[in-house]
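Structural features, examined
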Amino acid sequence: MTLDDGTRQLDILAFYGANPTGPSRLRQTLAEPTATGSSGMAVTGIQKVAQRAYVELFTPKGSLQYLPDRGTNFINDLQAGRIRSAVDVAQSFESARVDMARNLPAEETGLEPADEQYGDMRLVSVTLDSGVVNMRIILMSAAGTTFEFIEPLPQVNTGSTPQSFISEE
Amino acid sequence: MPLPLPSFTDLDPVEVDAMLEEAAERLQEDNPRLDLKRGPNHDLLLYPGSIYATAVRTIGETVQQSQTFIGIRANPTTADEATVDGLLSNYRLVRQTGAPARGQVVLVVSSPSTVVIGANARFNGNGQAFITESVFTAKVDAANILGETDRLLREQSDGSYAFEFEVVAVEEGPSGNVAKDTPVVPESPPAAYVRSYAASDFTGGRDVETNADYMARMDEGQAARIPGNPTNMSAMLMEEDAFDDFVATSIVGAGDSAMLRDRQSLFPIATGGKVDWVIRATALPQRTLVTKTAVFVEDTSAGGVWRISFDRDEAPGMYEARSILPAGSVGLSGTLAISSDTRVVDVTDLTYKAPTMDAADPNQFVYTPFQSAVIEFVDYLTPTSGLVPLESTGSYDVEVVAQPQLAQLQAFIQHRSRRAAGSGDVLVRAPVPCFVAVSVTATLPETAVQPDDETVRNEVAVQINNLGFPGSLSASTVSNLIYEWLPAGSTLSPVDLLGKIRRPDGSLEWLHSNSELKVPDRPEMFTTANTVCFYVEPDDIEISWQRKTATLR
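Residues numbered from 1 in each chain as written. Chains lettered and ligands numbered in written order. Predicted model: local features only at pLDDT ≥ 70, side-chain atom pairs only at ≥ 80, totals over all residues. Heavy atoms only, no water.

1. Some words on a nonpolar patch on the surface
Side chains of Leu5(B), Phe8(B), Tyr52(B) and Val56(B) sit close together on the surface and give an oily, nonpolar patch of about 350 Å² of accessible area. In this fold, Leu5(B) is placed in the segment before helix H1 (13–30). (Patch = residues over 30% accessible without salt bridge, like charges linked within 9 Å, V, L, I, M, F, W, Y side chains within 5 Å. Areas by Shrake-Rupley, 256 points an atom, 1.4 Å probe, with all protein chains shown as cover. Salt bridge = Lys/Arg side-chain N within 4 Å of Asp/Glu carboxyl O. Helix = DSSP H or I, 4+ residues; strand = E, 2+ residues; numbered from the N terminus.)

Here it is in structure tokens:
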């Protein structure tokens, strides 16, 4: 996690539980019980970019009435049952990546630190198993720092056979 | 009472976008370390906050617009009505409320038995719903007519029986002003029911006044309520509930070519001091059915000649007797031939001093509340054997066409407390009528949906009948009104306009054109652009609907 040196802009940490290394389960909450963590944490650096990208990727496009171009169609495709295979996931993700590449840099001023500027996002692997789509996604900032997260999503109209897709580096 | 917030889903997206940008800029200025890009700050603070701020700003703009005349005129549909009411009340103006139409229904039954129509009984006519406000009981024996809501069952010529009762429209608005003879059908017909229809034109239905129409009366609001210039006199009307919804008025006064009454002196010059107040109270003149007793005059080869008379107070300012048929006639339409229509002036037994009129010049008093009429017609249907001239009588149903409320307005303006102290000579008159017929062909694309013919004709008639005193009626005006209802790709043929001016002396002048009906300037006949109104019934608008056929190339 990037330390705040007093010059960076801050956003509120929305997903608790991330560890600097290794996998961990995130909790979407703005506050944590005091015994396990502090409430209202701020976020900077690559984690802030990851938060932005995560929110943008999984916001259904058109769901914000007065921001009709924000978000992507990834969740829309999932909810409409258009994702039936790992290839479908990959195709939908690629389409979403185009929207991400347009929307996220458009809201940056260029004055942010490079590790807080969106670079790219790639789907590392995807598996479909028992009605759940498991995706490994790598986010890269303009500075080259990366953040990897795994996202399990419930799938509509699942197939009975587990499927996998692994992208080439 | 505070204005409610508009719905968050109905805001102008451009306004919300601008607010997002402005709020982000201001928040960033105050909090440079706040990241307002996509994330909790943006999604939970900036975005919903901007929507709310836009809603509040919208209310502010609405109130601002509604508090000034320039704002209301620029955006009459969005100005807050309560604020507009408050503003115009400072100028003694009150918004006209809506009102339901009222009228009489004739119900025909096949047998002479007591018929009871309950209170709140529903009837439907021309797509509108009407109800009774009282219980009406129709009785066969006149001796049993005791209460105000008892009615006599009258035998018709075909052996059926009919009676009248009053209904009121369920909804406010002019749609309830159905025309005479329109079928008005009960939802629960009584026993032996045959048919039912409007006895006369229904009247009184109007919508709540819009902000635009309300503002149009602004000048009248500020004007003094005196019989002075046209604005003052319109302001006088506005003060009275009975007259505040007149369609249009026109003043013929000193110096106007159509002012005939101020040239009665020994010297052939206009002396001034007199006003003819031409009133178009309603968009269309009312058609009222009255049963008159006619006197047999003489027998001719064409049939018996009969005479009926209308005294001054029976049908003030009437235009014509459009239809005369034997009373209780069933299955007949049209009219017996009218052989003469003589108007005379009657100023006897008035409670006020009558305006000056030359009894020898019908152009000075016809269509005023001071005319009486004697009409002779030829009845070939009624046998004349045994009838004694000038003694025998017969009953006839007469459809009278007239602008309403002329006599009431005349009495109002002649009252000592209102008439001008100097001359006080104001004569109320109905406009000289130009009855119009329209004919046009509409060609629609092959697959387009044809608009409802009756709706189009009704709406076009409403627009034409509210033109006031335009002086001319152009074909392009009619075309534009019809075009509003046509699907894309439709075309209209040239509009054929036919007009019949019935001048005060009873003579007719015909106008026919594909471009414009222009009122001829004949001031000596009280016929000018200031005195003539165009009237068109929906049934006198004929639209022929055709389809384009595809051509092979």
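Right, picking up where we left off after that structure.
2. Notes on the sheet that holds strand S15 (residues 320–326) of chain B
All names here are of chain B. A sheet is described by the order of its strands in space; here 6 strands give the open sequence S15-S18-S13-S14-S17-S16, paired in antiparallel fashion. This sheet does not close on itself; its edge strands, each paired only once, are S15 and strand S16 (337–345). Between one strand axis and the next, the sheet turns through 30° on average, direction left out of account. Strand direction decides the pairing type here: S16 and strand S17 (residues 371–379), joined by 8 bridges, are antiparallel. Residue pairing across strands places Asp-341 opposite Ile-375, the latter belonging to S17. (Pairing = 2+ DSSP bridges. Axes fitted to C-alpha atoms, helices over the stretch in contact; angles between N-to-C directions.)

3. A few points about the nonpolar core
Counting residues in each nonpolar core, the largest one holds 67 residues, and the members touching the most others are Trp277(B), Ile279(B), Leu409(B), Val436(B), Val438(B), Val478(B) and Ile482(B). Leaving out residues up to four positions away in the same chain, Ile482(B) has contacts with Val440(B), Val456(B), Val460(B) and Leu492(B). Core analysis: the second largest hydrophobic core is formed by 29 residues, Tyr54(A), Ile75(A), Ile83(A) and Val126(A) among them. (Core = buried A, V, L, I, M, F, W, Y, C linked by side-chain atoms within 4.5 Å. Buried < 20%, exposed > 50% of the residue type's maximum accessible area, 1.4 Å probe, protein only. Contact = heavy atoms within 4.5 Å.)

4. Things to note about the sheet that holds strand S2 (residues 115–117) of chain B
Residue and element names in this part refer to chain B. One open sheet holds the 3 strands; their spatial order is S2-S5-S6, and the pairing between them is mixed. Of all strands in the sheet, those bounded by a partner on one side alone are S2 and strand S6 (150–152). In this sheet, adjacent strand axes meet at a mean angle of 25° when their direction is disregarded. In terms of strand pairing, S2 meets strand S5 (residues 136–139) through 3 bridges, oriented antiparallel. Along S5, the bridge assignment pairs Val-115 with Ala-138.

5. A word on a negative patch on the surface
A contiguous patch of negative charge on the surface is contributed by Asp17(B), Glu21(B), Glu25(B), Glu29(B) and Asp30(B). By secondary structure assignment, the location of Glu21(B) is in helix H1. (Lys, Arg positive; Asp, Glu negative; His and termini not counted. Charge placed at Lys NZ, Arg CZ, Asp CG, Glu CD.)

6. Observations regarding the side chain of Asp276(B)
All names here are of chain B. In this structure, Asp-276 sits in strand S12 (residues 274–280). Of the residues examined, Asp-276 reaches a relative accessible area of 1% and is grouped as buried. Polar side-chain contacts of Asp-276 include one of 2.7 Å to the side chain of Arg-261. In contact with Asp-276, not counting residues within four places along its chain, are Ser-250, Ile-251, Val-252, Met-259, Arg-261, Leu-427, Arg-429 and Phe-526. (Polar contact = N/O pair within 3.5 Å; in protein donor to acceptor, adjacent residues only side chain to side chain.)

7. Considerations on the packing of H1(B) against helix H2 (residues 40–66) of chain B
Residues and elements named next belong to chain B. One can describe the packing of H1 onto H2 by two numbers: an axis separation of 8 Å at closest approach and a directional angle of 120°. The orientation of H1 with respect to H2, classified from their angle, is oblique. For the pair H1 and H2, the sense of crossing is right-handed. Touching Glu-15, Val-16, Met-19, Leu-20, Glu-22, Ala-23, Ala-24 and Leu-27 of H1 are Leu-45, Leu-46, Tyr-47, Ser-50, Ile-51, Ala-53, Thr-54, Arg-57 and Glu-61, all from H2. Taken together, the residues of the contact of H1 with H2 sort by class into 11 nonpolar, 2 polar and 4 charged. (Parallel < 35°, antiparallel > 145°, perpendicular 65-115°, else oblique. Left-handed = near helix turned anticlockwise from the far one by under 90°. Nonpolar A, V, L, I, M, F, W, Y, C, P; charged D, E, K, R; others polar.)

8. Side note on the pattern of salt bridges
Taken as a whole and assessed by the stated rule, the structure comprises 46 salt bridges over all chains. Salt-bridge contacts for Asp276(B) lead to Arg429(B); the nearest nitrogen and oxygen are separated by 3.2 Å. With Asp276(B) in strand S12 and Arg429(B) in strand S19 (residues 425–429), this pair connects stretches of sequence that are 153 residues apart. Taken individually, Asp276(B) and Arg429(B) each receive the classification buried, so the pair is uniform in this respect. Linked by salt bridges that have partners in common, Arg52(A), Glu56(A), Arg70(A), Glu107(A), Glu108(A), Arg38(B) and Asp43(B) make up one network.

9. A look at the packing of aromatic side chains
Residue and element names in this part refer to chain B. Following the criterion strictly, the structure yields 18 aromatic pairs over all chains and no others. Measuring from centroid to centroid gives 5.0 Å for Tyr-319 and Tyr-367, while their planes differ by 80°, and the two rings are edge-to-face. In this pair, Tyr-319 is assigned in the loop between strand S14 (303–310) and S15 and Tyr-367 in the loop between S16 and S17, connecting sequence segments 48 residues apart. The pair Tyr-319 / Tyr-367 is uniform in exposure class, with both members buried. Measuring from ring centre to ring centre gives 4.8 Å for Phe-377 and Tyr-396, while their planes differ by 75°; the resulting arrangement is edge-to-face. (Phe/Tyr/Trp six-rings, centres within 6.5 Å; stacked < 30°, edge-to-face > 60°.)

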